[in-house]
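# Secondary and tertiary structure notes
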Amino acid sequence: MRLVMMMILPVAALGTGISAAKAPPPPFEGTWMSCETYQGSSICAYTALAQRGTRVCGVQSDFATNSYYVQRFIGTARGNVVEIDKICGDPGSETDTYCAGQAPAGAEKVGWGTSDRQLSLCKGTLSGGKKGEASACTSASARNGLPKVSKLNGEGPEAEDRAWMASCLQGEGG
């Protein structure tokens, strides 16, 4: 009888919805990346995100004017949108403020800056835009966004940025 009960209990648990399976990851958890060839080299743009509750911590990198620009940011998730609350990194189109501990000697702006940007998630694609813009899922947003990737193939955030993201989720570093 004991053997029969041991076999029935796991089957009964499945029927009641009780499962040992992990909950799915939050929607803004992972890396979105796109690579292309430029002058014979692979050039990748990426956004790596970690999410706990509505807090989203991220690192993004893009290539423009023959240089990579990397930024760290902290945002708030609302539905399929993350509003970037503060940002720092390599000055360019996203910020004019270096991150603390990463600024060159004599840098004028160091620390967190504000942002008027948001990220929208639609059908696995992550797109950027101005805060408050409608985050419509269109074929244009999918074409212009970054697809989610499961393998980084040597690309993606450096170890220091991954460590910052982990501490950021704990409420540190920002």
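Residues numbered from 1 in each chain as written. Predicted model: local features only at pLDDT ≥ 70, side-chain atom pairs only at ≥ 80, totals over all residues. Heavy atoms only, no water.

The next thing to look at is the environment of Cys 44. Counting through the fold element by element, Cys 44 comes out in strand S2 (residues 41–52). Taking the C-alpha atoms as reference points, Cys 44 and Ser 61, separated by 17 residues in sequence, lie 8.0 Å from one another. Contact partners of Cys 44, with chain neighbours within four places excluded, come to Met 33, Ser 34, Cys 35, Ser 61, Tyr 68 and Glu 155. (Helix = DSSP H or I, 4+ residues; strand = E, 2+ residues; numbered from the N terminus. Contact = heavy atoms within 4.5 Å.)

On to the confidence of the model for the protein chain. Confidence in the prediction of the protein chain, expressed as mean pLDDT, is 83, and 82% of residues score 70 or more. Considering each helix and strand of the protein chain separately, the mean pLDDT is smallest for helix H1 (residues 2–15), with a value of 41, and largest for strand S5 (residues 81–89), with 96. A low-confidence stretch, residues 1–16 (pLDDT under 50), is modelled with 1 contact involving residues beyond four sequence positions or located in other chains. (pLDDT = per-residue confidence, 0-100.)

Moving on: the pattern of salt bridges. In this structure the tally under the stated criterion is 6 salt bridges. Between Glu 83 and Arg 78 there is a salt bridge, with its nearest N and O atoms 3.1 Å apart. Put simply, Asp 116 and Lys 130 hold a salt bridge, and the shortest N to O gap is 2.8 Å. Here Lys 130 lies in strand S8 (residues 125–130) and Asp 116 lies in the loop between strand S6 (113–114) and strand S7 (117–122), a separation of 14 residues in the sequence. When its relative accessible area of 42% is taken as the criterion, Lys 130 is described as partly exposed. (Salt bridge = Lys/Arg side-chain N within 4 Å of Asp/Glu carboxyl O. Buried < 20%, exposed > 50% of the residue type's maximum accessible area, 1.4 Å probe, protein only.)

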